[in-house]
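The primary structure of each chain is shown beneath.
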Amino acid sequence: MEISKDIVYVGVNDFEIDLFEGQYKVPDGMAYNSYIILDEKIAVVDSVDKNFKDKWLSNIEEVLGQKHPDYLIVQHMEPDHSANILSFTEKYPEAVIVASAKAFPMMKNFFGTDFSDKRIIVGEGDSLNLGKHNLTFLTASMVHWPEVIVTYDEYEKALFSADAFGKFGALDKESEWTDEARRYYIGIVGKYGVQVQALLDKAKKADIQKILPLHGPVLTEKLGYYVSLYDKWSKYEVEEKGVLIAYTSIYGNTKKAAILLKEKLEEAGQKVLIYDLARDDFFEAVGNAFRFDRIVLATTTYNGDIFPFMRTFIFALIERGFKNRKIAFIENGSWGPIAARKMKSMLEGVQGLEFAENTVKILSALNDESKEQIEKLKNELI
């Protein structure tokens, strides 16, 4: 796939994968992106997952013919982007590996060699000239591994952005960018908002007209929109006004309460998303918790604590830097309900949270009193 006269896509689509990183559902597959920059010197940017070694090397050969690449630029050492470095050097022994200082010890760990005889170590502001294409490297430590660099091509005004601005989904599957990029960002990069902000500050100084990520499509239009979302996500700001209701339910009574609240909020004109944490896409729920300004957590008292899926959900929010939202609780218990207190205690150290004054308490099943509490919570939330 030709991106420009001098940049060619040589990545692959993975339709065999069911869980990315062993936990994120990817029904539309996954793209592992790799690029070739053609000039007086030829550079390949990043590798692909180990299962696609032959396809990737074939893609490179199809573009280059009898020519050989001079460099392999390694921006990120996660195996879905680095697994075939050794195979590349075996096919192209004269090529030089370009990466950060922290990347080469990782190569030693993965491959048993740090390529000391064929490497260039680059850091912040270093450059590599290919001819008319002058590449400048920016460090992007902890976006989302410590060795990460991104690459700016001044001639093309293109940013090779590593995992930044990536999304779930193969390239030949139509899927809306924002939702899958949010789920990807919050799930994988979300903890590192400070580091993403630092990278965005660097990127603002360059004239960027293309963003070439390691997952998802090349971005050439509406770049301001994508950058603004990354800015909000990495500042943990509200993306839009809405209510997310996350619940667990054993015998269906907590579910009834969650659905009743959803219906009342929607009747009042509120945007609402609801998730059964045991059945729905868990990380879609996590991502949308960062999207909206109000969150309702509904669960049962279970073994003197809270239901495991809810505990895991709250932990997933905290782990990713969740803050600056309004939180409300619905609890259920046939005797001694303590779920609301347990959930609140997990969240009390989180910055910028406002807890709703109204809590819904269900004793086994909804009754007139708990329905009135739902009405009061609805009024408070709107």
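Quick summary incoming for the structure in this document. Since the model is a prediction, treat every value here as computed from it, not as a measurement. (Residues numbered from 1 in each chain as written. Predicted model: local features only at pLDDT ≥ 70, side-chain atom pairs only at ≥ 80, totals over all residues. Heavy atoms only, no water.)

**Re the layout of surface pockets**
- The calculated volume of the largest pocket comes to roughly 330 Å³.
- Lining the largest pocket are 16 residues, with Ile250, Thr300, Thr301, Gly333 and Ser334 positioned closest to its centre.
- When residues of the lining of the largest pocket are assigned to their parent elements, the largest contribution, three residues, is made by strand S18 (residues 294-302).
- Residue composition of the lining of the largest pocket, by class: four nonpolar, 12 polar and no charged.
- Volume-wise, the second largest pocket comes out at about 280 Å³.
- Lining the second largest pocket we find 15 residues, and of these Leu171, Lys173, Gly216, Pro217 and Val218 sit closest to its centre. (1 Å grid on protein atoms, 1.4 Å probe; cavity = no way out; pocket = protein on both sides within 12 Å on 5 of 7 lines; lining within 4 Å. Points joined across faces, edges and corners; volume = space filled by probe spheres on them. Helix = DSSP H or I, 4+ residues; strand = E, 2+ residues; numbered from the N terminus. Nonpolar A, V, L, I, M, F, W, Y, C, P; charged D, E, K, R; others polar.)

**As for the side chain of Arg320**
- Relative to the helices and strands, Arg320 is located in the loop between helix H10 (308-319) and strand S20 (326-332).
- Taking relative accessible area as the criterion, Arg320 reaches 7% and is therefore assigned buried.
- Only 3.2 Å separates the side chain of Arg320 from the backbone oxygen of Ala316, close enough to count as a polar contact.
- Among the polar contacts made by the side chain of Arg320, one reaches the side chain of Glu319 at a distance of 3.0 Å. (Buried < 20%, exposed > 50% of the residue type's maximum accessible area, 1.4 Å probe, protein only. Polar contact = N/O pair within 3.5 Å; in protein donor to acceptor, adjacent residues only side chain to side chain.)

By themselves these figures say nothing about function.
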